[in-house]
Amino acid sequence: MMCEEGKNKGDKKQVFKYSAESEHSTQLMNDLKHRVLQHKEQSLGVYMDYKTPAEAAKIMYDTIMSYLKDTLLVNYSTQQLSIRAELKLQHDAFLASRDDIYIGGEMYLQQLNDELSSENNRHILLTGEAGCGKSALLCNWINTLKQQHHDNYVVIYHFIGFAEGSTDVTRMLMRMVEECMYVVSKFIDGEPTEMTWDNLPDDEDEVTRYVMNTLISSLEKLITYGKTPILVFDGIEKLLKVSNIKKVLFWLPTNLPSSCFTVVSTKLSDIINIDELKTRNYTTIHIETLGKENKRDLCVKVLKKSGKELSTEQLDCIVSASMTRNPLFLRVTLSELVSFGYFRLLDKKISSLISSER
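Let me sum up the structure you'll find in this document. The shown structure was predicted, so the numbers you read here are calculated from the model rather than taken from an experiment.

### Regarding the pattern of salt bridges
Within this structure, the stated rule accounts for 13 salt bridges. Put simply, Lys305 and Asp100 hold a salt bridge, and the shortest N to O gap is 2.8 Å. Of this pair, Lys305 sits in helix H11 (residues 292-305) while Asp100 sits in the loop between helix H5 (83-98) and helix H6 (106-117); the two residues are 205 residues apart in sequence, bridging distant segments of the chain. Given a relative accessible area of 36%, Asp100 falls into the partly exposed group. Across the pair Lys301 and Asp297 runs a salt bridge whose closest N-O atoms are separated by 3.7 Å. Of this pair, Lys301 and Asp297 both sit in helix H11, 4 residues apart, roughly one helical turn. Overall, the relative accessible area of 40% leaves Lys301 in the partly exposed class. Where salt bridges share partners, they join Arg84, Glu179 and Glu194 into one cluster.

As structure tokens, this is what we get:
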């Protein structure tokens, strides 16, 4: 459809973008479609008439989710997890997804550890352009802390935009409190228990203030039991805006316990939040984009993990491209190359990927 549209408009760029890599590729795709239709009854569903990729994605999501609920999870109610546990699993899944091949961030990991060991400022602002690796840095740092210092630190992390309700300010704070109190309950009751929210105020603003105060008191309880709380808020630019009249970062207490270590990350263009955090004397750690050697190292290791490799010339082409300085862009490029199946057109594919508009 898009290819035909490009031909009608005389748009060679669009025609190339939406054309198959070769006549052989077209034949293989048509054969695949034919075989899929032949085995339609053995699948969850076959849909050939969607109009956009977004519509196809929604159909796929709805079909799989329906199957999960109606078939695979039909007996799930007998082993239902608490809401706290469900949400933690979602955040842990994101944590695991970014704790993979990590290159070029050793200096930042050391900076975070140095700040954690320092008795001075206990608040960190982590910033950099979108896709520069802020989340990957935090995930690797968190996992290192959990593996090496689990008896000393209680790390409570929240990855905004990657779990149900994670962009809502009040729900985020409530979740942080619940994780704090889950640990505290081990000391009080001998085993962890889930906390409940009783007698919450009716007014929404009052609820937020109440939860903020509860967060502070729960952190103080952790400290009483000899623990160092570490709060991580990743991607605060994605939080839902509550009101235009709300003070910037109204939800982040300025009177956190002195022993509490706080790390907040946001993208470089989030000027309003960055300025407010600097006003609060947060120490800034700025994440730079990848240098050529780190880009080359990342390419080799990511491709090797999938059993792939590129020629020296092809690797040089990717490394020398300015856009691949962004780790996320580079990883997406490599992912596309890993799944690309026509060797003779690989050079052209690389060229199209590294010249793509962001």
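### Things to note about the environment of Leu249
For Leu249, the location among the structural elements is in the loop between strand S3 (228-234) and strand S4 (261-267). With relative accessibility at 5%, the residue Leu249 sits in the buried group. In contact with Leu249, other than residues within four places in its own chain, are Ile236, Asn273, Glu276, Leu277 and Arg280.

### Quick word on the pairing of S3
Burial analysis of S3 places 7 of its 7 residues in the buried class, the great majority of the element. Bridge count between strand S2 (residues 153-159) and S3: 7 bridges; the pairing is parallel. Looking across to S3, one finds that Tyr153 is bridged to Thr228. Both S3 and S4 contribute to a ladder of 5 bridges, which runs parallel. Considered in S4, the bridge of Ile230 is made with Phe261.

### A short note on the nonpolar core
One finds Leu173, Leu231, Phe233, Ile236, Trp251, Leu252 and Leu277 to be the most contacted residues of the largest nonpolar core, which totals 35 residues. Mapped onto this core, the elements with two or more residues apiece are S2, helix H8 (169-189), helix H9 (204-224), S3 and helix H10 (271-279). Ranked by residues supplied to this core, first place goes to H8 with 10 residues. Excluding residues within four positions of it along the chain, Phe233 makes contact with His158, Met172, Met176, Trp251, Leu252, Thr262, Val263, Val264 and Ser265. With 25 residues, the next largest nonpolar core counts Leu95, Leu126, Val155 and Ile285 among its residues.

### Let's talk about the pairing of S2
The two faces of the sheet receive side chains in turn, since in a regular strand these alternate between them. The element S2 is largely enclosed, with a buried count of 7 among its 7 residues. What you see with S2 is no split at all: Tyr153, Val155, Tyr157 and Phe159 on one side and Val154, Ile156 and His158 on the other are buried throughout.

### Notes on unusual backbone geometry
Excluding glycine, residues mostly have negative phi values, and the peptide bonds linking residues are mostly trans. You will see that Asn199, though not glycine, has its phi angle at about 55 degrees, which is positive. The topology assignment puts Asn199 in the loop between H8 and H9. Of note, Asn281 is a non-glycine position whose phi angle comes to about 65 degrees, a positive value. Its place among the elements puts Asn281 in the loop between H10 and strand S5 (283-286). Accessibility expressed as a relative area gives 56% for Asn281, which makes it exposed.

### A few points about the side chain of Thr63
Its place among the elements puts Thr63 in helix H4 (residues 53-72). What makes Thr63 buried here is its relative accessible area of 17%. Side-chain polar atoms of Thr63 contact the backbone oxygen of Ile59, separated by 2.7 Å.

### Points about the packing of H11 against helix H13 (residues 327-339)
Closest axis-to-axis distance for the H11/H13 pair is 10 Å, and the angle between their directions is 35 degrees. Handedness of the crossing formed by H11 with H13: right-handed. Residues Lys295, Leu298, Cys299, Val302 and Leu303 of H11 touch H13, and the partners they reach there are Leu330, Arg331, Leu334 and Val338. Considered class by class, the residues forming the contact of H11 with H13 number 7 nonpolar, no polar and 2 charged.

### Let's talk about the environment of Val155
Summarising the element assignment, Val155 is placed in strand S2. Spatially, the C-alpha atom of Val155 lies 6.1 Å from that of Pro229, the residues being 74 residues apart in sequence. What Val155 contacts, discounting residues up to four positions off in sequence, is Ile142, Leu145 and Ile230.

Scoring rules and cut-offs
Residues numbered from 1 in each chain as written. Predicted model: local features only at pLDDT ≥ 70, side-chain atom pairs only at ≥ 80, totals over all residues. Heavy atoms only, no water. Salt bridge = Lys/Arg side-chain N within 4 Å of Asp/Glu carboxyl O. Helix = DSSP H or I, 4+ residues; strand = E, 2+ residues; numbered from the N terminus. Buried < 20%, exposed > 50% of the residue type's maximum accessible area, 1.4 Å probe, protein only. Contact = heavy atoms within 4.5 Å. Pairing = 2+ DSSP bridges. Core = buried A, V, L, I, M, F, W, Y, C linked by side-chain atoms within 4.5 Å. Polar contact = N/O pair within 3.5 Å; in protein donor to acceptor, adjacent residues only side chain to side chain. Axes fitted to C-alpha atoms, helices over the stretch in contact; angles between N-to-C directions. Left-handed = near helix turned anticlockwise from the far one by under 90°. Nonpolar A, V, L, I, M, F, W, Y, C, P; charged D, E, K, R; others polar.

Purely geometric numbers; function is a separate question.
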